[in-house]
Amino acid sequence: VQLQASGGGLVQAGGSLRLSCTASGRTDSGNVMSWFRQAPGKEREFVAGIRWSNSYTGYLDSVKGRFTISRDTAKNTVYLQMNSLKPEDTAVYYCATGNVIWGLLRSSDAYSYWGQGTQVTVSS
């Protein structure tokens, strides 16, 4: 499975961005697609995840109500709509997939395939 992430950029606080992650190759190799992020000097953290089969979602508490994850199964693509962005959202965002037990959704070790990352920078 190859994951191609795109959509990052520079935005002012309060602005919006939409990230995309398209899977190719053996796209049946994962039941969940998620976004993680890593800021400089910090550990990688889970942001949002979605189950391919039923669109069940999970979010990091600090992004609930601001970020929305969705999927387009026909395009093998997952989106992360990010609204009301804050400077603390600045990070490299990675998409990841794998056969993930829902209870391990937030654990990066549960994912087998990762995209290359896309930079999101929010200025104050």
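Anything mentioned here points back to the structure above.
Before going into details, it helps to say that this report is about the structure given with it. Keep in mind the model is a prediction, meaning the values are calculated, not measured.

## Some thoughts on the sheet that holds strand β1 (residues 2-6)
Sheet strands associate in pairs through backbone hydrogen bonding, adopting either a parallel or an antiparallel arrangement.
No. 1: In space, the 4 strands of this open sheet follow the order β1-β3-β8-β7, with antiparallel pairing throughout. Each of the sheet's edge strands pairs with one partner strand only, and the pair in question is β1 and β7 (67-72). The average angle at which neighbouring strand axes cross in this sheet is 15 degrees, direction not considered.
No. 2: Where strand β3 (residues 17-24) lies against strand β8 (residues 77-82), 6 bridges are found, and the strand directions are antiparallel. Paired with R18 across the two strands is Q81, which belongs to β8.

## Here we look at the state of the cysteines
No. 1: The final tally for this structure, using the stated rule, is 1 disulfide.
No. 2: Here C21 connects covalently by a disulfide to C95, the sulfurs 2.1 Å from one another. Taking the sign of the torsion about the S-S bond as the criterion, the disulfide between C21 and C95, at about 65 degrees, is right-handed. With C21 in strand β3 and C95 in strand β9 (residues 91-98), the pair connects residues that are 74 residues apart, well separated along the chain.
No. 3: Using a relative accessible area of 0% as the deciding quantity, one classes C95 as buried.

## Examining the environment of S112
No. 1: Checked against the element boundaries, S112 lands in the loop between β9 and β10 (113-114).
No. 2: Contact partners of S112, with chain neighbours within four places excluded, come to T97 and G98.

## Observations regarding the pairing of strand β5 (residues 45-51)
No. 1: With 5 of its 7 residues buried, β5 lies for the most part within the structure.
No. 2: Relative to β5, strand β4 (residues 32-38) is paired through 6 bridges, and the arrangement is antiparallel. Among the inter-strand pairings, F36 is bridged to a residue of β5, identified as F46.
No. 3: What sits between the antiparallel neighbours β4 and β5 is a turn of 6 residues, in which G41 has the positive phi angle 75 degrees.
No. 4: In this sheet, strand β6 (residues 57-59) lies alongside β5 in antiparallel orientation, the contact comprising 3 bridges. The residue bridging A48 from the neighbouring strand is Y59, located in β6.
No. 5: Connecting the antiparallel pair β5 and β6 is a turn made up of 5 residues, with S55 showing a positive phi of about 65 degrees.

## Examining the environment of R37
No. 1: One can find R37 in strand β4.
No. 2: When the C-alpha atoms of R37 and Y94 are compared, they prove to be 5.9 Å apart, with 57 residues separating the residues in sequence.
No. 3: Within polar-contact distance, the side chain of R37 engages the side chain of E45 at 2.7 Å.
No. 4: At 3.0 Å, the side chain of R37 forms a polar contact with the side chain of D89.

## Structural notes on unusual backbone geometry
The bulk of non-glycine residues show a negative phi, and the bulk of peptide bonds are trans.
No. 1: Even without a glycine there, the phi angle at S55 is positive, about 65 degrees.
No. 2: Of note, S55 is situated in the loop between β5 and β6.
No. 3: Of note, S84 is a non-glycine position whose phi angle comes to about 50 degrees, a positive value.
No. 4: As for its placement among the helices and strands, S84 is situated in the loop between β8 and β9.
No. 5: Residue S84 is classed as partly exposed on the basis of its relative accessible area of 40%.

Criteria and thresholds
Residues numbered from 1 in each chain as written. Predicted model: local features only at pLDDT ≥ 70, side-chain atom pairs only at ≥ 80, totals over all residues. Heavy atoms only, no water. Pairing = 2+ DSSP bridges. Helix = DSSP H or I, 4+ residues; strand = E, 2+ residues; numbered from the N terminus. Axes fitted to C-alpha atoms, helices over the stretch in contact; angles between N-to-C directions. Disulfide = S-S within 2.5 Å. Buried < 20%, exposed > 50% of the residue type's maximum accessible area, 1.4 Å probe, protein only. Contact = heavy atoms within 4.5 Å. Polar contact = N/O pair within 3.5 Å; in protein donor to acceptor, adjacent residues only side chain to side chain.

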